[in-house]
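Listed below, chain by chain, are the residues.
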Amino acid sequence: MKTVFTTGEAAKICKVSQQTIIRCFDNGQLKGFRVPGSKFRRIPREALYKFMKDNGIPTDALESGKRKVLLVDDEPELVQVVNDALQADGRFEVRIASNGFDAGMMVKDYRPDLIILDVMLPDINGKEVCHRVRADASMEDVRIICISGMIEEDKVQELKLAGADDFLPKPFDVDHLIEKMCAQLDIETGVLA
């Protein structure tokens with residue numbers, strides 16, 4: 001379990017901008033220390049926990065240390081394979097939605113770090129889900145990886161313009177998906193010991 005965080009890591013955990021964390025650090029609201037001989041700030045886990053409690057920020061991301069993933073797909077076999085792989089990996093907490101409506105409801109409450117989004121949902125297309133997530137300023141840090149069996153380049157570009165951060169064509173290797181997730185979440189690839 002991590003005991004010291006950078007301002008960027010603290011910002012992701014608190015779901016605020018890095019500038020907000022730096023400002024709170026610099027004005028003394030958030031305790032920590034500077035790395036000797038540099039301007040880098042570091043925040044101990046206990047200080048970050050106290051800051052989050054004092055400011056009413058949910059501490060579940062800090063307590064579990066896991067990144068929250070919302071998996072949105074209506075193919076039970078694929079959902080099972082991806083969910084099993086992410087659970088086995090140990091770095092992710094996963095919730096599942098099988099349609100766009102449920103996904104929309106869960107995004108608000110669950111506040112995921114990353115959404116794995118099937119583009120072809122039964123009730124709404126993935127591009128519309130991307131638009132809705134990106135239209136909510138409180139979710140600007142949510143990463144979105146779209147998955148789909150359709151691989152037309154212009155459609156992939158449309159998804160990226162709508163707010164998708166990455167795209168992975170089906171069928172895919174789950175390890176490749178996890179690599180893309182790690183890249184989007186700025187966490188190291190490879191299973192943690």
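Residues numbered from 1 in each chain as written. Predicted model: local features only at pLDDT ≥ 70, side-chain atom pairs only at ≥ 80, totals over all residues. Heavy atoms only, no water.

Looking at an unreviewed UniProt entry, the chain carries the name Regulator, with the source organism given as Gemmata obscuriglobus.

A. Examining the nonpolar core more closely. Ranked by size, the top nonpolar core spans 24 residues in total, and within it Leu70, Val72, Ile115, Leu117 and Cys146 carry the most contacts. For this core, the secondary structure elements donating two or more residues are β4 (67–72), α6 (100–110), β6 (114–118), α7 (126–135), β7 (143–148) and α8 (153–162). Not counting residues up to four positions away in its chain, the partners in contact with Cys146 are Leu117, Val119, Cys130, Leu159, Ala164, Asp166, Phe167 and Leu168. One finds Phe92, Ile116, Ile145 and Cys182 within the second-largest nonpolar core, a separate group that totals 20 residues. (Core = buried A, V, L, I, M, F, W, Y, C linked by side-chain atoms within 4.5 Å. Buried < 20%, exposed > 50% of the residue type's maximum accessible area, 1.4 Å probe, protein only. Helix = DSSP H or I, 4+ residues; strand = E, 2+ residues; numbered from the N terminus. Contact = heavy atoms within 4.5 Å.)

B. Unusual backbone geometry, seen in detail. Pro171 follows Lys170 through a cis peptide bond whose omega is -10 degrees. The residue Pro171 is located in the loop between β8 (166–169) and α9 (174–185) in this model. Here the phi dihedral of Lys15 falls at roughly 60 degrees; this positive angle occurs in a residue that is not glycine. Lys15 gets classed as partly exposed once you look at its relative accessible area, which sits at 30%. Non-glycine residue Arg111 carries a positive phi angle of around 50 degrees. Along the chain, the position of Arg111 falls in the loop between α6 and β6.

C. Expanded view of the sheet that holds strand β1 (residues 4–6). In space, the three strands of this open sheet follow the order β1-β3-β2, with antiparallel pairing throughout. Two strands in the sheet have a free side with no partner beyond their single neighbour: β1 and β2 (33–34). Bridge count for β1 against strand β3 (residues 41–44) is three bridges, and the pairing is antiparallel. The residue of β3 that forms the bridge with Thr6 is Arg42. Set on the sheet, helix α2 (residues 18–26) makes contact with β2 and β3; between it and β3 the angle comes to about 80 degrees. Most of the contacts of helix α3 (residues 45–54) go to β3, to which it runs at about 80 degrees, and overall it touches β1 and β3. (Pairing = 2+ DSSP bridges. Axes fitted to C-alpha atoms, helices over the stretch in contact; angles between N-to-C directions.)

D. Spotlight on the layout of surface pockets. Roughly 530 Å³ of volume is contained in the second largest pocket. The wall of the second largest pocket is formed by 28 residues, among which Lys12, Cys14, Lys15, Val16 and Asp141 lie closest to the centre. If you list the elements that add at least two residues to the lining of the second largest pocket, you get α1 (7–14), α4 (60–64), β4 and α6. Element by element, the count of residues in the lining of the second largest pocket is highest for α1, at five residues. In the lining of the second largest pocket, the residues fall into 13 nonpolar, four polar and eleven charged. Taken domain by domain, the makeup of the lining of the second largest pocket includes at least three residues from each of domain 1 (4–55) and domain 2 (67–185). (1 Å grid on protein atoms, 1.4 Å probe; cavity = no way out; pocket = protein on both sides within 12 Å on 5 of 7 lines; lining within 4 Å. Points joined across faces, edges and corners; volume = space filled by probe spheres on them. Nonpolar A, V, L, I, M, F, W, Y, C, P; charged D, E, K, R; others polar. Domains from an automatic or database assignment.)

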